[in-house]
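These are the residues of each chain, in order.
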Amino acid sequence: MPVITTIADLKRLHKRRTPKMFYDYAESGSWTEQTFRENTSDFDLIRLRQRIAVDMTNRTTQSQMIGQDVAMPVALAPVGLTGMQSADGEIKAAKAAEKFGVPFTLSTMSICSIEDVAENTTKPFWFQVYTLKDDDFMQRLFDRARAAGCSAIVITLDLQILGQRHKDLKNGLSAPPKFTLASMADLATKWGWGIEMLQTKRRFFGNIVGHAKGVSDPSSLSSWTAEAFDHALDWDRVAQLMKMWGGKVILKGILDADDARKAAALGADAIIVSNHGGRQLDGALSSIRALPAILDAVGDKVEVHFDSGIRSGQDVLKALALGAKGTYIGRAYVNGLGAMGEAGVTRALEVIHKELDTTMALCGRRDIRTVDRDILLVPKDFEGSWQ
C-alpha cells in the first residue's frame, strides 16, 4: 500500500484508478469553475496562531452534530453517483464512517439504495433529498428513509436548476457509462475498477429506478430528472417538506444571511453553509467567506454547519474556529473511495483527523469544543467590501 499522508495523495490514486467521466464528475465545478477554485484557495488566506508552552495532553476532537455524538465534527456529505467511483461505493463509505464514528449522508441520487445502506450498517445514517414536485414520491422516499432508521433528513435547496458542468457534458456522463470509443478506450485502462463493477448488481440509481412513477429502467431516468425538480420552490414548500418528514431536518445550500434567517425561522435543526461545492452558481462567494456573515445573522437560533472546500484537518479547524458546529467533506472522502474503496475512505478520515488534532494542539487547544476565532488570523477584508 502506498504511503498516504494527504488527501492529495488519495486524489492522485483516484484519478489513476477511476474512469475519467466519474473522476471528472467529482473534481469539477460549474461554468468557469471560479467558485469551485476559490472554495479551497480562500482557506489559504486565513492563518493560524501558534501558541507555545501549553499543556497538550489528553486532547479530544469529540463533539456533537444535531445532538449526535461524533468522533470529530466532520460528516460525510451527500454525493451523487458514489457507487460509480467504486463498486457499492455508498455502502463502503457508510461502513467506514460508522466505524470511525462520524455521520454518513446518503444522496437521493446514489447508486446503492437507502435499503442497501441500511442492510449493511448497524447505526442510523442521514439521508439527503432534493425538492421535487411529486408529493407521492417524496412521501414514499421519507417513509423508506424512516423505515431504514435514518435519524435526519438533509434537504438540498440550491438545485432547483442544474448548474452546467462542462466536463460532464463532454464526457457523456451516465450510470452505467455509455460505450463510446472514447469511454471504452478509457475503461480498458481501468480494469481493476471494471472487474469490481462486474461483480455488483448495483449500477443504476437505486433510490429512483423502480420507485419513481414512470422510471422502470435507466433509459427513462433522464426524462424524469428533467421534469422532477421543483422550479417553483419557496419557503412554504420547504416547510411542507419538513412537516412531511416530521423528524430532524438540516437545510443545505445556505449562502446568504437573509436565507439563513428564514431557514432558522422554520425551525430547522441545522443549516449548512454551502455553495454545492462550486457546482451551481459560478461566481458566488466561497463558503468560507460567506460563513461569518451567516453566523452573525443567526447567532444561536440554529446550529450552523459548513460545507464546500475542505481538503484537510486544518480547513476543518478554520471553519470551526469561525463558529461552525460541524463540517462536511465530499470530494475528500470520494478521493479515498475512488483510490482504495472502504479502506480509502477510512484513510481520508484518518488523515483529516490527524491534521485536525495536531493543528489544534499547536494552536494551544486540547478540546475541539473550545476552539474559537482567537486561534485565527483573518484578513481585515476577508468578507469583502461589496457595493
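Conventions adopted
Residues numbered from 1 in each chain as written. Predicted model: local features only at pLDDT ≥ 70, side-chain atom pairs only at ≥ 80, totals over all residues. Heavy atoms only, no water. Salt bridge = Lys/Arg side-chain N within 4 Å of Asp/Glu carboxyl O. Helix = DSSP H or I, 4+ residues; strand = E, 2+ residues; numbered from the N terminus. Pairing = 2+ DSSP bridges. Contact = heavy atoms within 4.5 Å. Axes fitted to C-alpha atoms, helices over the stretch in contact; angles between N-to-C directions. Buried < 20%, exposed > 50% of the residue type's maximum accessible area, 1.4 Å probe, protein only. Parallel < 35°, antiparallel > 145°, perpendicular 65-115°, else oblique. Nonpolar A, V, L, I, M, F, W, Y, C, P; charged D, E, K, R; others polar. Left-handed = near helix turned anticlockwise from the far one by under 90°. Right-handed = clockwise from strand over helix to strand, strands pointing away. Disulfide = S-S within 2.5 Å. Core = buried A, V, L, I, M, F, W, Y, C linked by side-chain atoms within 4.5 Å. Phe/Tyr/Trp six-rings, centres within 6.5 Å; stacked < 30°, edge-to-face > 60°. Lys NZ or Arg CZ within 6 Å of the ring centre and 35° of its normal.

(A) Seen up close, the pattern of salt bridges. Here the structure, examined in full by the defined rule, presents 24 salt bridges. Between Lys 20 and Asp 24 there is a salt bridge whose closest N-O contact spans 2.7 Å. With Lys 20 and Asp 24 both in helix 2 (residues 20–26) and four residues apart, this pair spans about one turn of that helix. For the salt bridge of Lys 167 with Glu 33, the shortest nitrogen-to-oxygen distance reads 3.9 Å.

(B) The sheet that holds strand 7 (residues 152–156), seen in detail. With parallel pairing, the eight strands of this open sheet are ordered in space as 4-11-10-9-8-7-6-5. Because the sheet does not close on itself, it has two edges, and the strands there are strand 4 (74–76) and strand 5 (105–106). Running over the sheet, helix 14 (residues 313–322) touches strand 4, strand 10 (303–306) and strand 11 (326–329) and is turned about 150 degrees from strand 11.

(C) Structural detail: the environment of Glu 350. Along the polypeptide, Glu 350 turns up in helix 15 (residues 331–362). We classify Glu 350 as partly exposed; its relative accessible area is 34%. The spatial distance from the C-alpha of Glu 350 to the C-alpha of Leu 141 is 33 Å, given a sequence separation of 209 residues.

(D) Looking closely at the packing of helix 1 (residues 7–17) against helix 15. The interhelical angle for the contact between helix 1 and helix 15, taken along N-to-C directions, is 175 degrees, at an axis separation of 9 Å. Of the possible angle classes, the one that applies to helix 1 and helix 15 is roughly antiparallel. Each of Ile 7, Leu 10, Lys 11, Leu 13, His 14 and Arg 17 in helix 1 lies in contact with helix 15, whose residues at this interface are Ala 332, Val 334, Asn 335, Gly 336, Gly 338, Ala 339, Met 340, Gly 344, Arg 347, Ala 348, Val 351 and Ile 352. Taken together, the residues that form the contact of helix 1 with helix 15 break down as 10 nonpolar, five polar and three charged.

(E) Summary view of the packing of helix 12 (residues 257–265) against helix 13 (residues 287–298). Interhelical geometry of helix 12 versus helix 13 gives an angle of 40 degrees and a closest axis separation of 9 Å. With respect to each other, helix 12 and helix 13 are oriented oblique. Where helix 12 crosses over helix 13, the two elements pack in a sense that is right-handed. The segment helix 12 lies against helix 13, with Ala 257, Ala 260, Arg 261 and Ala 264 engaging Ala 293, Ile 294, Ala 297 and Val 298. Considered class by class, the residues forming the contact of helix 12 with helix 13 number seven nonpolar, no polar and one charged.

(F) Spotlight on the pairing of strand 10. Bridge count for strand 9 (residues 270–273) against strand 10 is four bridges, and the pairing is parallel. Counted as the bridge partner of Val 273 is Phe 306 from strand 10. For the segment spanning strand 9, helix 13 and strand 10, crossover handedness is right-handed. Where strand 10 and strand 11 come together, two bridges link them in parallel fashion. Within strand 11, the position partnered with His 305 by the bridge is Gly 326. As a crossover connection, the stretch from strand 10 through helix 14 into strand 11 is right-handed.

(G) Spatial organisation of unusual backbone geometry. With a phi angle near 60 degrees, Leu 81 is a residue other than glycine that sits in the positive phi range. Tracing the sequence through the fold places Leu 81 in the loop between strand 4 and helix 4 (89–100). Unlike most non-glycine residues, Ser 308 shows phi in positive territory, near 100 degrees. Mapped onto the secondary structure, Ser 308 falls in the loop between strand 10 and helix 14.

(H) Spatial organisation of the state of the cysteines. Taken as a whole and assessed by the stated rule, the structure comprises zero disulfides. With no disulfide of its own, Cys 150 lies 14 Å from the sulfur of Cys 112, the closest cysteine sulfur.

(I) Looking closely at the nonpolar core. Grouped together as the largest cluster of nonpolar side chains are 111 residues, with contacts concentrated most on Leu 76, Phe 104 and Leu 251. Tallying contributions element by element places helix 15 first for this core, with 13 residues. Non-local contacts of Leu 76, meaning those with residues more than four positions away in its chain, are made with Ala 93, Ala 97, Val 102, Pro 103, Phe 104, Thr 105, Ile 329, Tyr 333, Val 345 and Leu 349. Ranked by size, the runner-up nonpolar core spans 12 residues in total, among them Met 65, Val 70, Ile 250 and Tyr 328.

(J) The packing of aromatic side chains, seen in detail. The final tally for this structure, using the stated rule, is five aromatic pairs. Geometrically, the ring pair formed by Tyr 130 and Phe 229 is edge-to-face, given 5.3 Å between the ring centres and 65 degrees between the ring planes. Taken together, the positions of Tyr 130 in strand 6 (residues 126–130) and Phe 229 in the loop between helix 10 (221–228) and helix 11 (235–245) put the pair 99 residues apart, joining distant regions of the chain. Of the two residues, Tyr 130 and Phe 229, neither departs from the other in class, the shared state being buried. Consider the rings of Phe 142 and Trp 245, whose centres lie 5.9 Å apart with planes at 50 degrees: the pair is tilted. Of the two residues, Phe 142 sits in helix 6 (residues 135–147) while Trp 245 sits in helix 11, which places them 103 residues apart along the sequence. With respect to class, Phe 142 is no different from Trp 245; both count as buried. Directly above the ring of Tyr 25 sits Arg 279, whose terminal nitrogen or CZ lies 4.6 Å from the centroid. Sitting over the ring of Phe 382, Arg 289 keeps its end group 5.1 Å from the ring centre.

No statement about biological role is implied by the geometric values presented.
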